Amino acid sequence: MISNHEIDYYIHGEEMQCVEIELDSQETVIAESGSFMFMDNGIEMQTIFGDGSQQNPGGFFDKLMGAGKRLLVGESLFMTAFTHQGYGKAKVAFASPYPGKIIPLDLSAYHGKIICQKDAFLCAAKGVA
C-alpha cells in the first residue's frame, strides 16, 4: 500500500513549465535541489537526508543504504521538504532548470513503481520514494 500525502497541483506553461502545488495544513512536498521557485508564508523548508519516504526512519545503516542508492544513479544525497505549518492552504512552486514537459504520474496506476532517466524527478508528495 502506498502511503503518501495527496496534494493538489496546477501545471503552468507549455515548453518552460512550472508546477504550483497547493498544500493543506501539515502537508509536505519533497523536491529536488535547484527546482524551487516560490512559496507562500507559512511554508517551512527543511533539507533532509534521502527522500523522506520512511514514515518511521530506521537506523543509520538504513539511511546510508538509501543514500547509496541515490548516489549510484547520480542523484543528490539531500532533498528539500516543504511543509505547510499554517492554517488553510498555501502554495509552493517548482520548475526544471531545463526546457521540457512536466508529466504528473499517479504511482498507484503503475503498481507504485516507475523507472525514469537521471534528473527526471522534480517533486512528489511526502511518502514517495
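Residues numbered from 1 in each chain as written. Predicted model: local features only at pLDDT ≥ 70, side-chain atom pairs only at ≥ 80, totals over all residues. Heavy atoms only, no water.

> How should the sheet that holds strand E2 (residues 18-24) be read in this particular structure?
In sheet architecture, strand pairing relies on hydrogen bonds along the backbone and comes in two forms, parallel and antiparallel. On the basis of which strands lie adjacent, the open sheet formed by four strands has the order E1-E2-E7-E4 and antiparallel pairing. Since the sheet does not close on itself, it has two edges, and those belong to strand E1 (8-12) and strand E4 (36-39), each with one partner. Each strand of the sheet is rotated relative to its neighbour by a mean of 20°, with strand direction disregarded. Two strands pair when backbone bridges link them, and E2 and strand E7 (residues 89-95) are joined in this way by seven bridges, in the antiparallel orientation. Of the residues in E7, the one forming a bridge with Ile21 is Val92. (Pairing = 2+ DSSP bridges. Helix = DSSP H or I, 4+ residues; strand = E, 2+ residues; numbered from the N terminus. Axes fitted to C-alpha atoms, helices over the stretch in contact; angles between N-to-C directions.)

> How do you make sense of the sheet that holds strand E6 (residues 78-84) when you look at a structure like this?
Reading across from one edge, E5-E6-E3-E8 is the order of the four strands in this open sheet, with antiparallel pairing throughout. Edge positions in the sheet fall to strand E5 (43-49) and strand E8 (123-125), since each of these pairs with one other strand and no more. Each strand axis lies, on average, 25° off the axis of its neighbour in the sheet, ignoring direction. In this structure, E5 lies alongside E6, joined through seven bridges in antiparallel fashion. Across the sheet, the residue bridging to Thr47 is Thr80, located in E6.

> Just to check I follow, could you spell out the environment of Cys18 for this structure?
Tracing the backbone shows Cys18 in strand E2. Spatially, the C-alpha atom of Cys18 lies 9.7 Å from that of Phe36, the residues being 18 residues apart in sequence. When sequence neighbours within four positions are dropped, the list of residues in contact with Cys18 reads Tyr10, Ile11, His12, Met37, Phe94, Ala95 and Ile102. (Contact = heavy atoms within 4.5 Å.)

> Just checking my understanding: could you explain the pattern of salt bridges for this structure?
Two side chains carrying opposite charge are able to pair once their charged atoms lie near each other. Considering all chains together, one arrives at four salt bridges under this definition. Here Glu14 makes a salt bridge to Lys101, at a shortest N to O gap of 3.4 Å. Of this pair, Glu14 sits in the loop between E1 and E2 while Lys101 sits in the loop between E7 and E8; the two residues are 87 residues apart in sequence, bridging distant segments of the chain. The two residues Glu14 and Lys101 agree in class, both being exposed. (Salt bridge = Lys/Arg side-chain N within 4 Å of Asp/Glu carboxyl O. Buried < 20%, exposed > 50% of the residue type's maximum accessible area, 1.4 Å probe, protein only.)

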